[in-house]
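# Analysis of the macromolecular model
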Amino acid sequence: MAHESEALALEIMEERVRKDLEDDRKDAECELSCYEDAGLMHEAAERTMHIVRFWEQKEHIFPLLFRVAMDVLPAQ
């Protein structure tokens, strides 16, 4: 019985992790779609001199993309 209970608990935990990952993926896709629809790619390209400042100003609108930009930009 204990083994079955542990297996069930593990299955429930794995399902919760899968759901959380799916929710995260949907959030990221939604944010990227909003960014693309807003036409900000062109604005960002025109401001390459101040790209970090651009993303700092947009952080509250696109928090996931901001974090990606801050991970990538220092490597450039």
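Structure's up top.
Numbering of residues starts from 1 in each chain and follows the order in which that chain's sequence is written. Reporting in this predicted model follows two pLDDT cut-offs: at least 70 for local features of residues, and 80 or more for side-chain atom pairs to be given and counted; totals over whole chains, interfaces and linings ignore these cut-offs and use all residues. Where side-chain values are given, they derive from all heavy atoms of the structure, hydrogens and water being excluded.

Time to look at the nonpolar core. Judged by nonpolar contacts, Y35, L40, I51, F54, W55, F62, L65, F66 and A69 together constitute the single largest core of 9 residues. Segments assigned H or I by DSSP are reported as helices when at least four residues long, segments assigned E as strands when at least two residues long, and all are numbered from the N terminus. Listing elements by their share of this core, those giving two or more residues are α3 (51-58) and α4 (63-72). Residues are treated as being in contact if the distance between any of their heavy atoms lies within 4.5 Å. Residues contacting W55, with those up to four places away along its chain left out, are Y35, F62, L65, F66, A69, M70 and L73. Here, nonpolar core means buried Ala, Val, Leu, Ile, Met, Phe, Trp, Tyr and Cys residues that are tied together by side-chain atoms lying within 4.5 Å of each other. Only protein chains enter the area calculation, which uses a 1.4 Å probe; residues under 20% of their type maximum are buried, those over 50% are exposed, and those in between are partly exposed.

What follows covers the packing of aromatic side chains. To pair, rings of Phe, Tyr and Trp, with the six-membered ring standing in for Trp, must have centres within 6.5 Å; the planes then decide the type, stacked if under 30 degrees apart, edge-to-face if over 60, and tilted in the middle. Enumeration according to the criterion identifies 3 aromatic pairs in this entry. Relative to W55, the ring of Y35 lies with its centre 5.4 Å away and its plane at 35°, an arrangement referred to as tilted. Remark: W55 occurs in helix α3 and Y35 occurs in helix α1 (residues 2-37); sequence separation between them is 20 residues. Across the pair, W55 and Y35 agree in class, each one buried. On the numbers, 5.2 Å between centres and 85° between planes, the contact of F54 with W55 is edge-to-face. Classification of F54 as buried rests on a relative accessible area of 1%. Ring-pair connections join several aromatic residues into one group, and the members of that group are Y35, F54, W55 and F62.

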